[in-house]
Amino acid sequence: DERCIMAGGRIFQVAGRLLAVYALAIQDGDQTLIGTSLQTLTQTHGFLPIRHADADGREKGAGPTSVIASGDQLTGIVPLENVQRLFQKKAVQVG
């Protein structure tokens, strides 16, 4: 899925756990993510946002109450075991 890219393929091991730096581009078809808060994304996928920008690259802030919109670009840290679950959720939406 070209909409979800591993940011530079960065994978780290921290306290015995594999974590990935992950870049996510939100598109119109991502209806289960659009309108969701970053806090919800963290709770459901373990995705810890470190950057949240709009479609033009303007920073939106990565606070927990920030809401995801179509065209948004997110960069965050996610446990490697959750990356596949995030891909599967997006694949179902594209359907």
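Attention now goes to the nonpolar core. Note that soluble globular proteins tend to have their nonpolar side chains buried in a common cluster. Among the nonpolar cores identified, the biggest contains 13 residues, and Tyr-22, Leu-24, Leu-41, Phe-47 and Leu-74 are the most heavily contacted of them. For this core, the elements supplying multiple residues, two or more each, are strand S2 (17-25), helix H1 (38-45), strand S4 (73-79) and helix H2 (80-94). Per-element accounting of this core gives the leading share, three residues, to S2. Leaving out residues up to four positions away in the same chain, Leu-41 has contacts with Leu-33, Thr-36, Gly-46, Phe-47, Ile-68, Leu-74 and Leu-86.

Another aspect to go through is H1. Quick reminder: α-helices carry 3.6 residues per turn. Residues three or four places apart thus point the same way. Of all the residues in H1, the buried ones are Leu-38, Leu-41 and His-45. Seen end-on, H1 carries its buried residues on one side only, within an arc spanning 55 degrees. Count one or two residues on from H1 and you reach Gly-46, which has phi positive near 70 degrees.

Rules and cut-offs
- Residues numbered from 1 in each chain as written.
- Predicted model: local features only at pLDDT ≥ 70, side-chain atom pairs only at ≥ 80, totals over all residues.
- Heavy atoms only, no water.
- Core = buried A, V, L, I, M, F, W, Y, C linked by side-chain atoms within 4.5 Å.
- Buried < 20%, exposed > 50% of the residue type's maximum accessible area, 1.4 Å probe, protein only.
- Helix = DSSP H or I, 4+ residues; strand = E, 2+ residues; numbered from the N terminus.
- Contact = heavy atoms within 4.5 Å.
- Arc of directions from axis to C-beta.

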